[in-house]
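Report on the structure
If you want the building blocks of each chain, they are given just below.
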Number of protein chains: 2
Amino acid sequence: MRSIIKTVIVATGLIASQVASALPRNEPVSPITPPEEIHIGKAELGKKLFFDPRLSKSGFISCNSCHNLSMGGSDNLKTSIGHNWQQGPINSPTVLNSSLSIAQFWDGRASDLQEQAGGPIANPGEMASNHVLAIDVLQSIPQYVREFNQVFGVTEITIEHVTDAIAEFERTLVTPNSPFDQWLMGDDSAISDYELAGYRLFVESGCVACHNGSALGGTSFQKMGLLEPYQTENPVEGRIAVTGKDADRFMFKVPTLRNVELTYPYFHDGEAQTLTEAVDIMGRLQLGRKFTDDENAKIVAFLLTLTGDQPSFDLPTLPPSNADTPVPQPFDD
Amino acid sequence: MRSIIKTVIVATGLIASQVASALPRNEPVSPITPPEEIHIGKAELGKKLFFDPRLSKSGFISCNSCHNLSMGGSDNLKTSIGHNWQQGPINSPTVLNSSLSIAQFWDGRASDLQEQAGGPIANPGEMASNHVLAIDVLQSIPQYVREFNQVFGVTEITIEHVTDAIAEFERTLVTPNSPFDQWLMGDDSAISDYELAGYRLFVESGCVACHNGSALGGTSFQKMGLLEPYQTENPVEGRIAVTGKDADRFMFKVPTLRNVELTYPYFHDGEAQTLTEAVDIMGRLQLGRKFTDDENAKIVAFLLTLTGDQPSFDLPTLPPSNADTPVPQPFDD
């Protein structure tokens, strides 16, 4: 419980400074606000599940494998590694501040975090388990059964309980107090003039048309390659996979820019390794604008002010398996 | 620093109870004692390195992948998963209390934790990097360079600094305060009569001849299959690989029984899934004794009293890569 309480204290600190200073500046970007009404027991249970590789067939891959909370909530790979070292089709989006998005996955095929959480567990290319097996594993472990009972008042665990708990934990993974947020809350000294110039350029050149709101992204789907086609060998076509509409080809959810310093490489295919490269490509393809080296550097300097307080909690200790627990099958394919 | 300080406080608590009660009982098993003279900065740096998958070629596998501190310092798989999903030859031994062993690895081929730590990084079947590449990665990251400078007073990182820091962190990973240790320190109520009967049987039947000392193991090499050959399809032959002596065929370092509840499956090949099975096999092969179901259950009950305080610290936040950092290569084989 302590670690969640710590998160709440951080959040309270944010509220206090909000009260003490002026209201947030009137900008198209707003500060991260703390999550409201977190169910502490559910989030603590969800944290264990997030770190538990027994939700995968191999017993080796957990949510944290590809959304590593030591590394900005991502895996820092172009595309992810799944069961049996399969190469994933797409770049792992950060789980940090993901609760602020209108939908989940790059193509928005899950409406919320709970719906998202069930996907990778049963995806043959990711954790390669299935919901029946995952529940069998959890139901065999008395400590989990007791904790689900405490949180949900049930003796039979369902996948909905599992994904509800994981989603509740993920709602705690917001990153307040970035230098830019401190500036937004009225602290003129929180960012440099150079970084501020980068922000002004980010707004005036039109980046903010898509990267807006408290997450600087996650508020809309947009076409990758708007004014000029995006060249990639990655076959993923975005939101058309969900809607079937031709107009949604190459439409992707706009990624958050929060903690973008930590969530490299960039784009849905992970092909941009640096922010300099990503800013250049975005300027040309989405805005029809070739940023000068100085403009690019200013925008990158601004982007680096978006790194907030990273999640801070004790590494969870997982309850052990026993003779009734299905044994992981890493090598039987 | 806070998390290490927490460890020290736990250790101090142990010393206090030691002073307050009688001396430890005179038994062939002794309580876990806290590590002495930990270099806090070095251990904190080592913790980051322990969790950093960039020490692997893929950027996906860290020390913690196979010595998972959420799961008793092991991966709970028969044999481990390495780079490109290669099946490892041997069961991953727990890192918990590994500082108490006479040598490292099942065959003792590393004399200490520092020597051990360099092995998996460069093993093509494990992390599949090499020491030059691993250093290039770390040297490219200013936050790491600064931290190595603070700890070691150098500007050029070497593999010896890396393994020294990891080993220092690993020396903090002791697990005091198990119920059995509380009993050893004089608390008669810490374990039940049934568990105590299991311990007495463990001593009288001869288990303790090998599983002794504060780690209940790690003090000697012994032949697996002493009175009766051990049947396994695993080709590993143990200490002969180090000494070349025929007498060392099937000689393995006796594993610690500390936290054995958490470090399943058992034996160097991971073929015993439960403690019941492991105790039965050990009794027959090493002691020439067929434990009755009741005897077996009593010994297992005792073994479950060996679970101590698990490592407790904040999940580390890793410094990000940058344009100068070599990019992980998960899929180029």
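Residues numbered from 1 in each chain as written. Chains lettered and ligands numbered in written order. Predicted model: local features only at pLDDT ≥ 70, side-chain atom pairs only at ≥ 80, totals over all residues. Heavy atoms only, no water.

1. Let's talk about the side chain of Ser220 of chain B
Residue and element names in this part refer to chain B. Inclusion rule: Counting from the N terminus, the helices are the DSSP runs of H or I reaching at least four residues and the strands are the DSSP runs of E reaching at least two. The classification of residues rests on relative accessible area computed with a 1.4 Å probe and restricted to protein chains. Under 20% of the type maximum is buried, over 50% is exposed, and intermediate values are partly exposed. We call two residues contacting when some pair of their heavy atoms lies within 4.5 Å.
Among the structural elements, Ser220 can be located in the loop between α9 (193-204) and β1 (221-223). Given the relative accessible area of 16%, Ser220 is considered buried. Here Ser220 is in contact with Ile102, Phe252, Lys253 and Val254, once residues within four sequence places are set aside.

2. Describing the interface of chain A and chain B
Our working definition: One speaks of a salt bridge when a side-chain nitrogen belonging to Lys or Arg is within 4 Å of a carboxyl oxygen belonging to Asp or Glu. Two N or O atoms count as a polar contact when they lie within 3.5 Å, although within protein this holds only if one can serve as hydrogen donor and the other as acceptor, and sequence-adjacent residues are included solely when both atoms are side-chain atoms.
Facing the 46 residues of chain A at the interface are 46 residues of chain B. Summed over the shared surface of chain A and chain B, the result is zero salt bridges. The interface formed by chain A and chain B contains 14 residue pairs in polar contact (both at pLDDT 80 or more). Sorting the residues of the side of chain A that touches chain B by element identifies α1 (2-20) and α3 (63-66) of chain A as the ones contributing at least two each.

3. Side note on the environment of Ala215 of chain B
Residues and elements named next belong to chain B. Mapped onto the secondary structure, Ala215 falls in the loop between α9 and β1. The exposure class of Ala215 is buried, given its relative accessible area of 3%. Put simply, Ala215 and Val174 are 41 residues apart on the chain and 9.5 Å apart in space, counted from C-alpha to C-alpha. Every residue in contact with Ala215, bar those within four places of it in the chain, is listed here: Leu100, Thr256, Leu257 and Arg258.

4. Describing the side chain of Glu295 of chain A
All names here are of chain A. Tracing the backbone through its elements, the reader meets Glu295 in helix α12 (residues 293-303). The class for Glu295 is buried, based on a relative accessible area of 19%. Looking at Glu295, its side chain comes within polar contact range of the main-chain nitrogen of Thr292, at 2.8 Å. If sequence neighbours within four positions are ignored, Glu295 has contacts with Leu201, Arg289 and Lys290.

5. Notes on the packing of helix α2 (residues 40-51) of chain B against helix α7 (residues 159-171) of chain B
Residues and elements named next belong to chain B. Counted only if it meets this: All axes here are fitted lines through C-alpha atoms, helices being fitted over the stretch that makes contact, and every angle between N-to-C directions spans 0 to 180 degrees. For classification purposes, angles smaller than 35 degrees are called roughly parallel, those larger than 145 roughly antiparallel, those between 65 and 115 roughly perpendicular, and all remaining angles oblique. Classification convention: Asp, Glu, Lys, Arg as charged; Ala, Val, Leu, Ile, Met, Phe, Trp, Tyr, Cys, Pro as nonpolar; all other residues, Gly among them, as polar.
The N-to-C vectors of α2 and α7 enclose an angle of 100 degrees; their axes lie 7 Å apart at closest approach. Between α2 and α7, the interaxial angle falls into the category roughly perpendicular. Residues Lys42, Ala43, Leu45, Gly46, Lys47, Leu49 and Phe50 of α2 touch α7, and the partners they reach there are Val162, Asp164, Ala165, Ile166, Glu168, Phe169 and Glu170. Of the residues that constitute the contact of α2 with α7, the class distribution is eight nonpolar, one polar and five charged.

6. With respect to the UniProt feature "domain: Cytochrome c" (unreviewed entry) in chain A
Put simply, the rule is: UniProt positions are given in the numbering used here, feature names are shortened, and annotations may be inferred rather than shown by experiment.
In this structure's numbering, the residues bearing the UniProt feature "domain: Cytochrome c" (unreviewed entry) are residues 41-149 and 193-307 of chain A. Across residues 41-149 of chain A, helical content stands at 39% and strand content at 0%; the span's end C-alpha atoms are separated by 11 Å.

7. Quick notes on helix α4 (residues 113-122) of chain A
Leu113, Gln116, Ala117, Gly118, Pro120 and Ile121 of chain A are the residues of α4 of chain A that are buried. Contact partners of the buried residues in α4 of chain A: α5 (131-139) and α7 (159-171) of chain A.

8. Considering the environment of Val132 of chain A
Mapped onto the fold, Val132 of chain A is located in helix α5. Considering only alpha carbons, one finds Val132 of chain A and Thr158 of chain A, 26 residues apart in sequence, at a separation of 8.8 Å.

9. A short note on α5 of chain A
All names here are of chain A. Put simply, the test is: What the arc describes is the spread of directions from the helix axis to the C-beta atoms.
If you check which residues of α5 are buried, you get Ala134, Ile135, Val137 and Leu138. Projected down its long axis, α5 shows its buried positions confined to an angular sector of 155 degrees, all on one face. Looking at the packing, one finds that the buried side of α5 touches α2 (40-51), α4, α6 (142-152) and α7. Where α5 starts, the residue carrying a side-chain oxygen 3.1 Å from the main-chain nitrogen of Val132 turns out to be Asn130.

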